[in-house]
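Here's the letter readout for the chains.
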Amino acid sequence: MSSGGRSLTPQVHWAQRHHELYLRVELSDVQDPDITITDNVLHFKAQGHGAKGDNVYEFQIEFLAPVEPQLVNKMTHRQLNITVKKKESQWWERLTRQEKRPLFLAPDFDRWLDESDAEMELKAKEEERINKINIENRIPKDLAAFRHLKRGYLFMYNLVQFLGFSWIFVNMTVRLFMLGKGILAFFSLPIYADSFFDTFHTTADMMYFCQMLAFVEILNTLLGLVRAPLAPVLLQVCGRNFVLFLVLGGVEEMQSKAVVFFVFYLWSMIEIFRYPFYMLSCIDIEWKVLTWIRYTIWIPLYPLGILAEAVSMIQAIPAFQSTGRFSFTLPSPLSVTVPFSIFLQLYLAVLFLAPFLNFRHLYKQRKRHLGAKKRKMH
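Calculation criteria
- Residue numbering note: each chain is counted from 1, following its sequence as written.
- Local features are withheld for residues below a pLDDT of 70 in this predicted model, meaning they are given only at 70 or higher, and side-chain atom pairs are given and counted only at 80 or more; totals for whole chains, interfaces and linings count all residues.
- With hydrogens and water set aside, each side-chain value is computed from the structure's full complement of heavy atoms.
- Axis geometry follows a simple rule: fit a line to the C-alpha atoms, using only the stretch in contact for helices, then measure angles between N-to-C directions, giving values from 0 to 180 degrees.
- Helix and strand definitions follow DSSP, with helices as H or I runs of at least four residues and strands as E runs of at least two, each counted in order from the N terminus.
- Roughly parallel refers to an angle under 35 degrees, roughly antiparallel to one over 145, roughly perpendicular to one between 65 and 115, and oblique to any angle outside these ranges.
- Crossing handedness is read from the near helix: turned anticlockwise from the far helix by less than a right angle, it gives a left-handed crossing, and turned clockwise, a right-handed one.
- Here, residues are in contact when the closest pair of their heavy atoms is within 4.5 Å.
- The classification used treats Ala, Val, Leu, Ile, Met, Phe, Trp, Tyr, Cys and Pro as nonpolar, Asp, Glu, Lys and Arg as charged, and all other residues, Gly among them, as polar.
- Strands were regarded as paired on the criterion that DSSP finds at least two bridges between them.
- Aromatic pairs are defined between Phe, Tyr and Trp rings, using the six-membered ring for Trp, whenever the two ring centres lie within 6.5 Å; interplanar angles under 30 degrees are classed as stacked, those over 60 as edge-to-face, and all others as tilted.
- When the NZ atom of lysine or the CZ atom of arginine is within 6 Å of a ring's centre and also within 35 degrees of its normal, the charge is said to sit over that ring.
- What a helix should span is 1.5 Å times the count of its residues minus one.
- In this scheme, the bend at a residue equals the angle between the axes fitted to the seven residues that finish there and the seven that begin there.
- Relative accessibility decides the category of a residue: with a 1.4 Å probe and only protein chains considered, values under 20% of the type maximum give buried, values over 50% give exposed, and everything between is partly exposed.
- Exposure above 30% relative accessible area and the absence of a salt bridge qualify a residue for a patch, where like charges join within 9 Å and nonpolar side chains (Val, Leu, Ile, Met, Phe, Trp, Tyr) within 5 Å.
- The method behind every accessible area is Shrake-Rupley, applied with a 1.4 Å probe, and residues are considered shielded solely by the protein chains displayed.
- Salt bridge, as used here: a side-chain nitrogen of Lys or Arg that lies within 4 Å of a carboxyl oxygen of Asp or Glu.
- Charge assignment: positive for Lys and Arg, negative for Asp and Glu; neither His nor the chain ends contribute.
- Charge positions are represented by NZ for Lys, CZ for Arg, CG for Asp and CD for Glu.
- The term polar contact refers here to a pair of N or O atoms within 3.5 Å; inside protein, the definition further demands a hydrogen-donor-capable atom paired with an acceptor-capable atom, and it admits residues adjacent in sequence only when both atoms are side-chain atoms.

(A) Main features of the packing of helix 6 (residues 230-250) against helix 7 (residues 259-281). Taken N-terminus to C-terminus, the directions of helix 6 and helix 7 make an angle of 150°; their axes are 12 Å apart at the nearest point. Overall, the two elements helix 6 and helix 7 adopt an arrangement that is roughly antiparallel. Here helix 6 and helix 7 pass one another in a crossing that is left-handed. Side by side, helix 6 and helix 7 meet where Q236, R240, V243, L244 and L248 of the first sit next to V260, F264, W267, I270, E271 and R274 of the second. Classifying every residue of the contact of helix 6 with helix 7 gives seven nonpolar, one polar and three charged.

What follows is the structure, encoded as structure tokens:
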């Protein structure tokens, strides 16, 4: 029903669904709309530009069945859209209580559906809602299962590495004290000690296993299973395997050197603290003493490990030069033989430069894990 007097009535298009009514008021540049529902009658009044120019437009609609008094309206540059909720989800045969349709009211064919189509749409939306709920309920379970699987995998990996390096460390320590006086033998005093010179033959198999398994750490970082910068992990894993497989395992002469003891002992001493720390982190357990050791022991041990690796490299250069092991000849026309000792010399230079990247990473980690306590003390 339209109000009389001087007011103008805009063109209104309508459509419905089982639970909602949609009204599209053909007014542009609407200002200060006054839209209310009282006693099941919608009252509309607004300034806007319609068929009769820029004027005040108003209308009233008494609905066929009860509706909610709250409504939603949305203005655009070209029109004003009103959404009204039905109190009961049902299909109406018409919009207004009066049987005769008001002249300003017309179907909104852009949104118009007959009852059967609306039921199909309603059913499709309900299925979509149920599927969304099922997906939302399933995702947390899938994520939880993945997290448990990831934690279990990382826990087992760190446990295996801890056991492997512990075996190496305990084996070398027991042999050192049982066979005795190894340190004096290392400094060329006339005391023979098998604990230094047969280290490679007694522990190399386990060290091979642990260092080959360490390549998994690169994969873990690439897959995002572990939050760690790739460069330090790559440098440590590849560097150690280069020393182990090529430098120490490449020529038999190197395998009886006392420096092997120091390389293996320093590596294992670092890892028997590092892997338990990661292992406990997988199950959200923090042992403060272990945390402190993990982020402090590297300060003396990493430089000593680099020094031991450098000594092994220096001792290996003449051995590779005399045996020609891993040397190769460039194809014609160059036909130049490239000795492997050149790569050892290059690696020796890198050995003293690249670790700073790892040291920087470890220092940041130490500051993050131990720095908070220092700040509280000030």
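(B) View of the packing of helix 4 (residues 199-213) against helix 7. Running from N to C, helix 4 and helix 7 cross one another at 40°; their axes reach a closest spacing of 11 Å. What the angle tells us is that helix 4 and helix 7 run oblique. The interaxial crossing formed by helix 4 with helix 7 has left-handed handedness. On the side of helix 4, the interface is formed by T199, F200, T203, A204, M207 and Q211, while helix 7 contributes V260, F261, F264 and W267. Here the contact of helix 4 with helix 7 is built from residues that sort into seven nonpolar, three polar and no charged.

(C) Quick look at the sheet that holds strand 2 (residues 20-25). Taken in spatial order, the five strands of this open sheet run 6-7-2-1-8, and their pairing is mixed. The strands lining the two open edges of the sheet, one partner per strand, are strand 6 (67-75) and strand 8 (105-107). Here the average twist between neighbouring strands, direction ignored, is 25°. For strand 2 and strand 7 (residues 80-86), the ladder comprises six bridges, and the chain directions are antiparallel. Its bridge partner being in strand 7, L23 is matched across the sheet by I82.

(D) Molecular detail of the packing of aromatic side chains. Inspection of every chain in the model, using the stated rule, returns 24 aromatic pairs. Taken together, the ring pairs in this structure connect F242, F320, F326, F328, F340, F343 and Y347 into an aromatic cluster. In this structure, R111 packs its charged tip against the face of Y22, placed 3.8 Å from the ring centre. Looking at R294, its charged tip hangs above the ring of Y295, at a distance of 4.7 Å from the centre.

(E) Spatial organisation of helix 7. Along its 23 residues, helix 7 runs 34 Å from first to last C-alpha, staying within 8% of the 33 Å computed at 1.5 Å per residue. The largest bend in helix 7 is about 25°, located at E271. Counting buried residues in helix 7 gives 19 out of 23 residues, a clear majority hidden from the surface.

(F) The arrangement of a negative patch on the surface in detail. Together, D114, E115, D117 and E119 line one region of the surface with negative charge. For D117, the location among the structural elements is in helix 1 (residues 115-179). You can call D117 partly exposed: its relative accessible area is 35%.

(G) Just the pairing of strand 4 (residues 41-50), in detail. Sheet topology note: the strand 3 (residues 28-38)/strand 4 ladder contains seven bridges and is antiparallel. Considered in strand 4, the bridge of I35 is made with F44. With antiparallel pairing between neighbouring strands as the criterion, strand 3 and strand 4 make up a hairpin whose turn holds two residues, including D39 at a positive phi of roughly 55°. Two successive antiparallel strands, strand 4 and strand 5 (residues 53-62), enclose a turn made up of two residues.

(H) Examining the pairing of strand 2 more closely. Taking burial as the measure, the six residues of strand 2 include six buried ones, the bulk of the element. Every second residue of strand 2 is oriented toward a common face, with E20, Y22 and R24 on one face and L21, L23 and V25 on the other, all of them buried. The sheet contact formed by strand 1 (residues 12-16) and strand 2 spans five bridges and is antiparallel. Among the inter-strand pairings, A15 is bridged to a residue of strand 2, identified as Y22. Here strand 1 folds back onto strand 2 in antiparallel fashion, the turn holding three residues.

(I) Local environment of the side chain of N220. By the element assignment, N220 lies in helix 5 (residues 215-222). Polar side-chain contacts of N220 include one of 2.7 Å to the side chain of Y153. Those residues within four positions of N220 in sequence are excluded, and the remaining contacts are Y153, L154, L225 and V226.

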